[in-house]
Amino acid sequence: MSGLDKNLPVLVTGGGGFIGGWLVGELLRMGHGKVRSVDMKPQSEWYQVHDRAENMVLDLRGLDACRQAARGQAYIFNLAADMGGMGFIETHKAECMLSVLINTHMLMGAREFGAKRFFFSSSACVYAADKQTSADVTALKEADAYPAMPEDGYGWEKLFSERMCRHFREDFGLIARMARYHNVYGPHGTWDGGREKAQAAICRKVIEAKQSGKHEIEIWGDGEQTRSFMYIDDCLKGTLAIMESEIIDPINLGSAQLVSINQLVDIVESIAGLKLKRRYKLDAPKGVRGRNSDNTLIKKLLGWEPDICLEVGLEKTYRWIHDQMVSARTGAKAVGAR
Ligand code: NAD
Ligand code: GDD
């Protein structure tokens, strides 16, 4: 482990989003004195705004914007991407692929201004489709990304950008680190509007059912598809450990607690204290049938394992979404609201 020098400037792109917002907060909490946070959304829409950071609004699809963001930065966490859950990535493939502009131009900016380290947030969506056809899936090892047949659109872009990071290291000496995030959740994430992922969507739907008294829920697919879900605190610890490490190839960062979507709903129902009639929308976006993270490598190399189980993480997420929904209804601003 190299350890990041807290006196050197750090850039987080996508700092107005879910993981980026948390990462900026964590870097400041750890004592990093110069943290720059960049996002294209107007600041009023950032999920978290940290006053001690240098907050900039830039569209990082452009090279000039990436040069402006990267200038003088020693460490770059590149998290900006046009992304979302299944409902978004299955219906916005071109937009997802245009994130290649962000990743290309950020790498060029990092190289030009001599960044010491570069982090790329890749995804479990790089894994080959034929290894994810069963709900009882074998957990995915890093090598399972090849031969390549990733998630259409979004997954191809992530896999391509992983390769670009690798070649910037080989050809230009840029120290690039890559994590393959498996579905991350927690407070201050997207919970409505179409980009939300299953955990937040199910929390919102259960709360809506509770508030309306109409005790039913719509679930996409037959509910037997499986996933593993990683709580944001574990994601932050792993992200920092990977950035500081000497691991040059992309590595899994995810939970290995495999659950079906029906089991996810069971947990959220028990947090809410109710049972709902389930309606299955079979023609909704479903993605792969099963996906889990094989954590053998990250455990061996970094000793990293998730600390937060799904039941605990969902309870925190449910409470936060509940507060957002109550405040949206009453017009009051919830504590910690964006
Ligand atoms: P998010 O959507 O909450 O955050 C991404 C941020 O990037 C958004 O605030 C968005 O406004 C910003 N952005 C998009 N286009 C931009 C542009 N052109 N210029 C500047 N900013 C731009 O997503 P997140 O969950 O925080 O994900 C962060 C990263 O991790 C992304 O690269 C994502 O693909 C990756 N990832 C996330 C998950 C997950 O489950 N959350 C899983 C796998 C990979
Ligand atoms: N979003 C959502 N909303 N999904 C639902 C819902 C719902 O109301 N009901 C059931 N699901 C099902 C989906 O059909 C899918 O089979 C499963 O829950 C998981 O959906 P998501 O959480 O939206 O996405 P994902 O796990 O397939 O992919 C996500 O994780 C990847 C990393 O592991 C996405 O966020 C990707 O962008 C990300 O890279």
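Refer to the structure presented above.
Here we summarise the structure given alongside this text. The model shown is predicted, which means the values in this text are computed figures rather than measured ones. (Residues numbered from 1 in each chain as written. Chains lettered and ligands numbered in written order. Predicted model: local features only at pLDDT ≥ 70, side-chain atom pairs only at ≥ 80, totals over all residues. Heavy atoms only, no water.)

## Section: the packing of aromatic side chains
Summed over all chains, the structure comprises four aromatic pairs. Where Phe-77 meets Phe-119, the ring centres are 5.8 Å apart and the plane angle is 45°; that geometry is what we call tilted. Placement of the pair is Phe-77 in strand β4 (residues 75-78) and Phe-119 in strand β5 (residues 117-123), with a sequence separation of 42 residues. Accessibility assignment for this pair places Phe-77 and Phe-119 in one class, buried. Residues Phe-168 and Phe-172 carry aromatic rings whose centres are separated by 5.0 Å and whose planes lie at 85° to one another, so their mutual orientation is edge-to-face. Note that Phe-168 and Phe-172 are positioned in helix α6 (residues 154-172) at a spacing of four residues, about one turn of the helix. Given a relative accessible area of 41%, Phe-172 falls into the partly exposed group. Following the ring pairs from residue to residue traces out a cluster consisting of Phe-77, Phe-119 and Tyr-181. The ring of Tyr-47 carries Lys-41 above its face, with NZ or CZ at 4.0 Å from the centroid. Cation over ring: Arg-195 sits above Phe-88, and NZ or CZ is 3.9 Å from the ring centre. (Phe/Tyr/Trp six-rings, centres within 6.5 Å; stacked < 30°, edge-to-face > 60°. Helix = DSSP H or I, 4+ residues; strand = E, 2+ residues; numbered from the N terminus. Buried < 20%, exposed > 50% of the residue type's maximum accessible area, 1.4 Å probe, protein only. Lys NZ or Arg CZ within 6 Å of the ring centre and 35° of its normal.)

## Structural notes on the side chain of Gln-73
The topology assignment puts Gln-73 in the loop between α2 (63-70) and β4. Polar contacts involving the side chain of Gln-73 include one to the main-chain amide nitrogen of Leu-11, which spans 3.5 Å. Not counting the four nearest positions on each side in its chain, Gln-73 is found in contact with Pro-9, Val-10, Leu-11, Arg-36 and Ala-115. (Polar contact = N/O pair within 3.5 Å; in protein donor to acceptor, adjacent residues only side chain to side chain. Contact = heavy atoms within 4.5 Å.)

## Side note on the site of ligand 1
For ligand 1, the set of nearby residues contains 26 residues, the closest of which are Phe-18, Ile-19, Asp-39, Tyr-154 and Val-184. Contacts to ligand 1 include Ile-19, whose backbone N or O atom sits 2.8 Å from an oxygen atom. Within the complex, 94% of the 820 Å² of free accessible area of ligand 1 lies under protein. Among the secondary structure elements, those contributing two or more residues to the shell around ligand 1 are α1 (18-29), β5 and α6. Take the shell around ligand 1: its biggest share by element is three residues, from β5. (Near = heavy atom within 4 Å. Areas by Shrake-Rupley, 256 points an atom, 1.4 Å probe, with all protein chains shown as cover.)

## Looking at the packing of helix α7 (residues 198-212) against helix α9 (residues 261-272)
Running from N to C, α7 and α9 point in directions that differ by 45°, and their axes come no closer than 10 Å. Regarding the angle of α7 to α9, the classification is oblique. The two elements α7 and α9 cross, and the hand of that crossing is right-handed. On α9, the residues touching Ala-198, Gln-199, Ile-202, Cys-203, Val-206 and Lys-210 of α7 are Ile-261, Leu-264, Val-265, Val-268 and Ala-272. Grouping the constituent residues of the contact of α7 with α9 by class yields nine nonpolar, one polar and one charged. (Axes fitted to C-alpha atoms, helices over the stretch in contact; angles between N-to-C directions. Parallel < 35°, antiparallel > 145°, perpendicular 65-115°, else oblique. Left-handed = near helix turned anticlockwise from the far one by under 90°. Nonpolar A, V, L, I, M, F, W, Y, C, P; charged D, E, K, R; others polar.)

## Quick notes on the site of ligand 2
Close to ligand 2 lie 24 residues; Ser-123, Lys-197, Lys-205, Pro-285 and Lys-286 are nearest. Within the backbone of Gly-84, a nitrogen or oxygen atom sits 2.8 Å from an oxygen atom of ligand 2. Between ligand 2 and Gln-225 there is a distance of 3.1 Å, counted from an oxygen atom to a side-chain nitrogen or oxygen. Taken by itself ligand 2 offers 720 Å² of open surface, and the protein chains cover 98% of this.

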